[in-house]
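What follows is the residue order along each chain.
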Amino acid sequence: MRSPHENAPHRTLRVFAGTPDGVPHVVVVGGGISGLAAAHFLSGTARVTLLEQADRVGGKLRAAELAGVRVDIGAEAMLARRPEGLELAEQVGLADHVQAASTTSAGLWLGGLRPLPAGTVMGIPADLAAVAQAGVLSDGALAAAADEAATTHPTLDEDVSVGALVRQRLGGEVVDRLVDPLLGGVYAATADGLSLRATIPALAAELTEHGSLVDAARAVNAATASATGPLFVSFPGGLASLAEAVARGRFEIRTRAAVRGLRRTPEAFALEFGPTPQAQAVTADAVVVALPAGKAAPLLREVSPAAAAELAGIESTSVAVISLAYRDARLPPGSGFLVPASASRAVKGVTFTSQKWPGYPSGLSLLRASVGRSDQTRVLQRDDADLVALVRHELRGLIGLTEDPLDALVTRWG
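It should be emphasised that the depicted structure is a prediction, and the values quoted were computed from it without experimental measurement.

For the rest of this paragraph, the subject is empty space enclosed by the protein. Summed over the entire model, instances satisfying the criterion amount to 1 cavity of 30 Å³ or more. Empty space within the largest cavity amounts to approximately 50 Å³. Contributing to the lining of the largest cavity are D180, P181, G184, G185, A189, T190, V339, P340, A341 and R373. Its residues assigned to classes, the lining of the largest cavity shows 5 nonpolar, 3 polar and 2 charged.

As a further point, take the side chain of E206. Tracing the sequence through the fold places E206 in helix 8 (residues 201-206). Despite its burial, E206 remains without a salt bridge, the nearest opposite charge being carried by R218 at 12 Å.

Secondary-structure assignment places F41 in helix 1 (residues 33-42). Put simply, F41 and G249 are 208 residues apart on the chain and 9.7 Å apart in space, counted from C-alpha to C-alpha. Apart from the residues lying within four places of it in its own chain, the contact partners of F41 are L88 and Q91.

Our focus in this paragraph is the environment of L409. In this fold, L409 is placed in strand 22 (residues 407-413). Judged by its relative accessible area of 25%, L409 falls in the partly exposed class. Sequence separation of L409 and L36 is 373 residues, and the distance between their C-alpha atoms is 26 Å. Beyond its immediate stretch of four places on either side in the chain, L409 contacts A64, E65, L66, I73, V321, I322 and S323.

On to the packing of aromatic side chains. Scanning the entire structure with this criterion turns up 1 aromatic pair. Judged by centre distance (6.0 Å) and plane angle (55°), the ring pair of F337 and F352 falls under tilted. Here F337, found in strand 19 (residues 336-338), pairs with F352, found in the loop between strand 20 (347-351) and helix 13 (353-356); they are 15 residues apart in sequence, far enough to count as distant. Since its relative accessible area comes to 1%, F352 is described here as buried.

Rules used throughout
- For every chain, the first residue of the written sequence is number 1, and numbering continues from 1 along that sequence.
- Local features in this predicted model are restricted to residues whose pLDDT is 70 or higher, and side-chain atom pairs enter the listing and the counts only when it is 80 or higher, whereas totals over whole chains, interfaces and linings include all residues.
- Here the side-chain values reflect all heavy atoms present in the structure, with hydrogen atoms and water set aside.
- Both cavities and pockets are sets of points on a 1 Å grid over the protein atoms alone; in a cavity a 1.4 Å probe fits but cannot get out, in a pocket the set is open with protein on both sides within 12 Å along at least five of seven lines, and lining residues sit with an atom within 4 Å of a point.
- Grid points are joined across faces, edges and corners, and a volume is the space filled by probe spheres set on the points.
- Three categories are distinguished: nonpolar for Ala, Val, Leu, Ile, Met, Phe, Trp, Tyr, Cys and Pro, charged for Asp, Glu, Lys and Arg, and polar for the others, with Gly belonging to the last.
- What counts as a helix is a DSSP run of H or I of at least four residues, what counts as a strand is a run of E of at least two, and both are numbered from the N terminus.
- In this scheme, a residue with accessible area under 20% of its type's maximum is buried, one over 50% is exposed, and one in between is partly exposed, where area comes from a 1.4 Å probe on protein chains only.
- Neither His nor the chain termini are counted; the positive set is Lys and Arg, and the negative set is Asp and Glu.
- Take a side-chain nitrogen of Lys or Arg and a carboxyl oxygen of Asp or Glu: if they are within 4 Å of each other, that pair is a salt bridge.
- Any two residues whose heavy atoms approach within 4.5 Å are treated as being in contact.
- For Phe, Tyr and Trp, where Trp contributes only its six-membered ring, two rings pair if their centres lie within 6.5 Å, and the inter-plane angle classes them as stacked under 30 degrees, edge-to-face over 60, or tilted in between.

Below you can see the structure in the form of structure tokens.
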């Protein structure tokens, strides 16, 4: 009788030695900016090994060449009002290279471009006069917001759907025209499927003291009113430069090292990684799992079942970024615009890269369109050429852009 494993490919397991005496060994799983930042901060007190399944680190911070210039094809801006990113940039030598966006003036496409109103918190009106001036809401919706602010409401002590709460308090028009475009641009999902505490935590905190949604939004704005300096920043060469600088730190990086198993031992953690036929193993005193929820859940199932269950319940979706380069295209002013889901377009947002960020050659117009929502995933089944054609067709209708691009690049984020 033959063993069931007799014809299986030979599998070797190489084991790495433990840590030097007195120096803890930490393994970071995942080489996106979260994993890189964790490795950077830990490298001062521990020996750190970072394992990344791809052939490069950086995760969603990635740059590529378009029409001969370098552009971000993942995340392209950092929120300067949060200090953590700027502190990290300073520690890796980029403090003198921080650059502010040339413009943060953006628009909403509501049958035509309208200015994105100031005085909102993720689309929830706080400054009703500013929202009225932008012309994005009807008189009835503005009156409903004013009534909500003048009405006594119980404080909110539990988590709710953003869309359900705003729809109940302010009406569907505020959701469709303001909240959905802004939240959808960040999360590629509808407001009805997004947690208030997860997506707008500052507003959720204020709602435990202010019953009114409008009053809570005003309190959030008041808390940041004294903030000075730019809202969004990046670096020459794009936001991907931050990940590249952090990766030059004092820790070991192993790419093409997908972690296939994580378990506890009596003294430490044991990880198995690399190709199945030639798996490698490493032990660690501590492990940082810096992976997307869907990938972290199965890895943590044995060592932390509760965390694995929570992570498994987090939904994710896919998007694509279509980057286009033109010679002196006639683009509307500003940094770009958002497209509500109610407009029934595949494009959910457009950034005018060469207008938003300084340093690009004169006469070269660069833009990027984001495609893909949680309820519109079929559009991403098109091939690259078809996606480019679709975006060009929609740009003709959205902003009248009819020129042929010099170059195009499709980046899919699964």
